[in-house]
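Residues per chain, in single letters:
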Amino acid sequence: MDALLAALADPARWRLVTLLAERPRSVGVLAQLAEARQPQTTKHLQTLERAGVVTSRRTGQRRIYALRSAPLRDLATALGWLADTADRNDGPRSAYDHYGQSMDVERLSARDAGWADGRAFDFRRSLAGHPDLVWRHLTEASLLARWWTPDDLRVAELVFETRPGGRIVHAYRDAEDTDGSDAVAGYAEGVVEDVRPGERLAYRLSPLLPDGTPAFTARIRLDLAPAGTGTDLAVHWRITDSTVDAADFVAGIEIGFGQSLDKLATAVHPTGPADTTPGHTPRTPLVPHADHTAHTDGKGVQP
């Protein structure tokens, strides 16, 4: 496939392929129709033949070339698969396009400081896990790190002190940025405000701009309620102190936090990857600090 793509990438060779698609032709005729010299045309045809897209035979004094359709059909199938994969309704490209549309709308609205103040976002999930297990995933950094990022991202640094006044640090990187050489995808700092184990957790969180200043402050409240053997989780976001530069962050709240909650639902499901017994300590916690601090890449992230 690589040889075929390389052969077809040259405009002169592509012209020869289009001419051969009409009918087999000799080198001399192809050179005339392509308005090229015959030695150059011969070299291009030899390249196409090595790539398997044309075949030739000598007839008398002439060499006749013909197009082989099978490699082109294989290429068309591969390109169609790539296009279909990118266009999946539930795929990453769909989320990318959705975020781009939201970002365009929010940028138009972000004219003055305070433009998004009072904006609210509500999320609800019916989770299969017991409230005690869900609570642990909301408050223990080693478990938070499993779900508290949008798709295709990973937690790079996480501090969550589960007490009123406790500190929060949340940084994340691209999931494929294994060595930390790419730019940080997001960094936020906050403070825990209300802790009612198994019932309510409230905190404020501010994503930071590249200069280290807050883009806005989100006041977030999570309420848990038993529902049979599972848990009903209600999350309320309210924006305050929004800056003009907050538009891109605000645009990603609905999509990004929604994806995170979907990952939480998987983590606390009895058949999911997480432990399901209330009070059970994971076998391999990221960092077993008493203040629920986890540094998952060992490097730390600066705002």
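Scroll up to find the structure this text is about.
Residues numbered from 1 in each chain as written. Predicted model: local features only at pLDDT ≥ 70, side-chain atom pairs only at ≥ 80, totals over all residues. Heavy atoms only, no water.

Of all nine residues in helix α7 (residues 131-139), eight are buried, a share of seventy percent or more. Taken as a whole, α7 has its buried residues at P131, L133, V134, W135, R136, H137, L138 and T139. (Buried < 20%, exposed > 50% of the residue type's maximum accessible area, 1.4 Å probe, protein only. Helix = DSSP H or I, 4+ residues; strand = E, 2+ residues; numbered from the N terminus.)

Take the packing of helix α2 (residues 11-22) against helix α4 (residues 38-50) next. Where α2 meets α4, the closest approach of the two axes is 10 Å, and the angle between their N-to-C directions is 75°. If you check the angle between α2 and α4, you find them roughly perpendicular. Of the residues in α4, those in contact with A12, R13, L16, V17 and L20 of α2 are T41, H44, L45, T47 and L48. Residue classes in the contact of α2 with α4 are distributed as six nonpolar, three polar and one charged. (Axes fitted to C-alpha atoms, helices over the stretch in contact; angles between N-to-C directions. Parallel < 35°, antiparallel > 145°, perpendicular 65-115°, else oblique. Contact = heavy atoms within 4.5 Å. Nonpolar A, V, L, I, M, F, W, Y, C, P; charged D, E, K, R; others polar.)

Considered for burial, the residues of helix α1 (residues 2-9) that qualify are L4, A7 and L8. The arc that holds the buried residues of α1, viewed along the axis, is 90°, so those residues lie on one side. Exposed side of α1, more than 90 degrees from the buried face: D2 and A9 are the residues found there. The inward-facing, buried residues of α1 contact α2, α4 and α5 (69-86). (Arc of directions from axis to C-beta.)

All right, on to the sheet that holds strand β2 (residues 54-59) then. Within the open sheet, the three strands sit side by side as β1-β3-β2. Their pairing is antiparallel. Either end of the sheet is taken by a strand with one partner, and the two such strands are β1 (25-26) and β2. The sheet contact formed by β1 and strand β3 (residues 62-67) spans two bridges and is antiparallel. Looking across to β3, one finds that S26 is bridged to I64. Docked against the sheet, α4 engages β2 and β3, running at close to 120° with respect to β2. (Pairing = 2+ DSSP bridges.)

Taken as a whole and judged by the stated rule, the model has six aromatic pairs. Considering the side-chain rings of W147 and W148, the 6.5 Å spacing of their centres and the 40° angle between planes classify their relative orientation as tilted. W147 gets classed as buried once you look at its relative accessible area, which sits at 2%. Classification of W148 as buried rests on a relative accessible area of 5%. Arranged with centres 5.7 Å apart and planes meeting at 90°, the rings of F160 and Y203 form a pair that is edge-to-face. Here F160, found in strand β5 (residues 153-160), pairs with Y203, found in strand β8 (residues 200-207); they are 43 residues apart in sequence, far enough to count as distant. The buried category is assigned to F160, whose relative accessible area is 1%. (Phe/Tyr/Trp six-rings, centres within 6.5 Å; stacked < 30°, edge-to-face > 60°.)

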